Amino acid sequence: MAVKALYVSDRDPKQMMFEKKADADARDKDLSVAEALDAFLRKQFPKADEALLEEIAYALGDRRTALAALAHKLDLDALENADAPGEKASKADNVTPIPKADNGG
């Protein structure tokens, strides 16, 4: 019988399992970012629905790599194309077209 090591974060509410320690460590980092964002959002928007703020914080934490790219390089394409882990939505599903302004000329 073969033994297979799996890694899981005690902090992960989803209790996701990973075959590679690096993947589990990356998930821990996502959760750390989400927790920091949750605290930040609660301070910035004290009257907002707490469940919504938590959902937003964890969605942003799951996309920390794209957010870091945006903050570092202002790479808007990385942010627009970022899917949540496990999601494979098409780009058309994620992007709302913004009409161009008429310059009147």
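This is a predicted model, so every value here is computed, not measured.

Procedures and definitions
Residues numbered from 1 in each chain as written. Predicted model: local features only at pLDDT ≥ 70, side-chain atom pairs only at ≥ 80, totals over all residues. Heavy atoms only, no water. Helix = DSSP H or I, 4+ residues; strand = E, 2+ residues; numbered from the N terminus. Expected span 1.5 Å × (residues − 1). Buried < 20%, exposed > 50% of the residue type's maximum accessible area, 1.4 Å probe, protein only. Contact = heavy atoms within 4.5 Å. Polar contact = N/O pair within 3.5 Å; in protein donor to acceptor, adjacent residues only side chain to side chain.

**Overview of helix α1 (residues 21-44)**
Taking 1.5 Å per residue, 24 residues should reach 34 Å; α1 reaches 35 Å between its end C-alpha atoms and fits that length. Listing the buried residues of α1 in full gives Ala 24, Arg 27, Asp 30, Leu 31, Ala 34, Asp 38 and Leu 41.

**Concerning the side chain of Arg 27**
Relative to the helices and strands, Arg 27 resides in helix α1. On the basis of relative accessible area, Arg 27 is assigned to the buried category, the value being 6%. Among residues more than four places away in sequence, those in contact with Arg 27 are Asp 12, Lys 14, Met 16, Phe 18 and Asp 62.

**Structural notes on helix α2 (residues 50-62)**
Over its 13 residues, α2 runs 18 Å from end to end, which matches the ideal 18 Å to within 8%, given 1.5 Å per residue. Within α2, burial applies to Leu 53, Ala 57, Gly 61 and Asp 62. Its side-chain oxygen placed 3.3 Å from the backbone nitrogen of Ala 51, Asp 49 serves as the N-cap of α2.

These values are about where atoms sit, not about what they do.
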